Amino acid sequence: MGEIAEANEPARPGRVRRAGRAIGAGLGRVWRWWRASEREVQPIRQALTITLIGSLAGTALLGWLALRLLPIDPAKPDSVRNALDGIKIVLALVAGVGGVVALVVAYRRQRGQERADAREQSKLFHERFAKAAEQLGHAEPTVKLAAVHALAALADDAVEMRQTCIDVLCAFLRMPYPPPPPEDAEGTDVEQARLAYAALREVRHTIIRLITAHLQADVPAAKSWQGHDFDFTGAVFDGGTFDAAQFSDSTVIFVHAQFSVGEVTFHGAQFSGGMISFGRAEFSGGMVSFGSARFSGGTVHFSEAGFSGGMVSFGGAEFSGGTVHFSEARFSGSRVSFGRADFSGGTVSFGSAQFSGGEVSFHAAKLSGSRVSFSITLFSGAEFSFRRALFSAGEVSFNNALFSGDEITFSGAQFSGGEVTFNGTQFYRGEITFQGARLSGSRVSFSSAHFIGGQVDLSAPGAWTVPPVGLPDRPPAGLLLPEAGPPAAAAT
């Protein structure tokens, strides 16, 4: 009887602590197994086996604890009732464990199915990519076109492969692109060559259309290619459109690209982030238009680009932020227009550029907040026009520029704010006229300018209420100033 009483006496604190440690160790092993299984999905049978074993062991442990920790004294009804309550609790825990097992099995099955589906989907995507890439190298143009559309569709479906598909499409545009046969050439072989050129041209233009379509604002976010990189290094463009494309937070490279024939347009395109580079691109023919484009952030480079033929237009473009570089660009034969462009923020730099031919126009442009620099620029033969331009704020600098044979006009321009400087500028040859210009608010400075030859005509401005500063006390022969007193128009 003594032994029975000792066995049924309330559990000592040491036993409770040891039981708690055992339960904690068991739960720790279950948790470590669960984390390991998350990293590497185990088969359902193995997971079920481990879970069942753990559940039975836990149930047995709980049953042993219930019988061990709850004293049973047949002479005391409360003792029996407590033991029965403990057994009920154990049975409830067993039922709960069974539910947990069912949940684990269902969860593991679902995870396994999802991963199997993902592997199958990835395999399918890679098969589609391999087939499209193979077709892109096919000799038949129709097969190439099918491959182009297949790659675009894959880029829409597989976000993780989107940049790869874009890279392949851009790589096709970078591949050698022979020019068309001469127009005066004749013969069967020449006709076949023309047909082959036209077919390849259609494939290339299709790629440009698809890229543009995925960069426009009305594309669903899931299928938009904005934010991805595009590499057109050295590509030949003989047509195509990037109209309304949004180049935001990405790198787009046109370095060494060639615009020699046809018409390429960027009408309404937005450059709002990232880096866009036309560095060392060649604009040697055809028409390239940035009409109504918006430059509102990031950096756009035309550094060291060559403008030697054709027409390049920035008419109506908005420069409201970021930086646009034309540094060291060469303008030797093209017609380049910034007519009615709006420079209301950011920086536009033509530093160290060379204008040695052709026409450059800022007709009716608004320079109201940007910093526009022509510092250390060479004007040696171009026709340069700021006719009716508005200088109302910001800074326009011709500091240390060299004028040696150009015709430059500021006729009808309005200088109503900001600063326009010709500090240190050298006037060798050519003619610069301010006929009809209204100098009524801007600070126009000719400090340290050198009037060596040519002609700078300030004799007939439309207004003279804020005369230029820095003019020599004794005007040299080539510097024409108004007669005594302001022009009559200044009084209006």
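Note that this is a predicted model, so its numbers are computed, not measured.

Caption draft 1: Fine view of the overall build of the chain. Check the secondary structure of the chain and you find seven helices and 32 strands. Residue burial in the chain is summarised as follows: out of 492 residues, 40% are buried. A sequence separation of at least 24 residues applies to 68% of the contacts in the chain between residues at least 6 apart. As displayed, the chain offers around 24200 Å² of accessible surface, 56% of which is attributable to carbon and sulfur atoms.

Caption draft 2: Layout of the packing of aromatic side chains. Per the counting criterion, the structure on display carries 84 aromatic pairs. Summarising the aromatic geometry, the rings of Phe 350 and Phe 374 are spaced 4.8 Å apart at their centres and angled 5° between planes, so their arrangement reads as stacked. Taken together, the residues span a long stretch of sequence, with Phe 350 in the loop between β15 (342-349) and β16 (354-355) and Phe 374 in the loop between β19 (371-373) and β20 (378-379) at a distance of 24 residues. Judged by its relative accessible area of 0%, Phe 374 falls in the buried class. Pairing Phe 391 with Phe 410 gives two aromatic rings, centres 6.3 Å apart and planes at 45°, and the pair type is tilted. Of this pair, Phe 391 sits in strand β22 (residues 390-391) while Phe 410 sits in the loop between β24 (402-409) and β25 (414-415), and the two are 19 residues apart along the sequence. Across this residue pair, the class does not change: Phe 391 and Phe 410 are buried. The side chain of Arg 204 reaches across the aromatic face of Tyr 177, ending 3.9 Å from its centre.

Caption draft 3: Structural detail: the layout of surface pockets. Space inside the second largest pocket adds up to approximately 260 Å³. Taken together, 15 residues line the second largest pocket, and the ones lying closest to its centre are Glu 359, Val 360, Ser 361, Glu 383 and Ser 385. Only β14 (335-337), β17 (359-361), β21 (383-385), β24 and β27 (426-433) provide two or more residues apiece to the lining of the second largest pocket. Residues that form the lining of the second largest pocket fall into these classes: four nonpolar, five polar and six charged.

Caption draft 4: The side chain of Ser 373, seen in detail. As for its position among the elements, Ser 373 is in strand β19. Within the local environment of Ser 373, its side chain forms a polar contact with the side chain of Ser 375, the two groups lying 3.2 Å apart. When near neighbours in sequence (up to four residues on either side) are disregarded, Ser 373 contacts Val 348, Ser 349, Phe 350, Gly 351 and Ser 397.

Caption draft 5: Geometry of the nonpolar core. Phe 232, Phe 266, Phe 302, Phe 326, Phe 374 and Phe 410 are the most contacted members of the largest nonpolar core, which totals 104 residues. Each residue touching Phe 266, except ones within four places of it in the same chain, is listed here: Phe 242, Asp 243, Phe 247, Phe 254, Phe 271, Phe 278, Val 288, Ser 289, Phe 290, Gly 291 and Ala 293.

Conventions and cut-offs
Residues numbered from 1 in each chain as written. Predicted model: local features only at pLDDT ≥ 70, side-chain atom pairs only at ≥ 80, totals over all residues. Heavy atoms only, no water. Helix = DSSP H or I, 4+ residues; strand = E, 2+ residues; numbered from the N terminus. Buried < 20%, exposed > 50% of the residue type's maximum accessible area, 1.4 Å probe, protein only. Contact = heavy atoms within 4.5 Å. Areas by Shrake-Rupley, 256 points an atom, 1.4 Å probe, with all protein chains shown as cover. Phe/Tyr/Trp six-rings, centres within 6.5 Å; stacked < 30°, edge-to-face > 60°. Lys NZ or Arg CZ within 6 Å of the ring centre and 35° of its normal. 1 Å grid on protein atoms, 1.4 Å probe; cavity = no way out; pocket = protein on both sides within 12 Å on 5 of 7 lines; lining within 4 Å. Points joined across faces, edges and corners; volume = space filled by probe spheres on them. Nonpolar A, V, L, I, M, F, W, Y, C, P; charged D, E, K, R; others polar. Polar contact = N/O pair within 3.5 Å; in protein donor to acceptor, adjacent residues only side chain to side chain. Core = buried A, V, L, I, M, F, W, Y, C linked by side-chain atoms within 4.5 Å.

Such coordinate-based values are descriptive only and should not be taken to indicate function.
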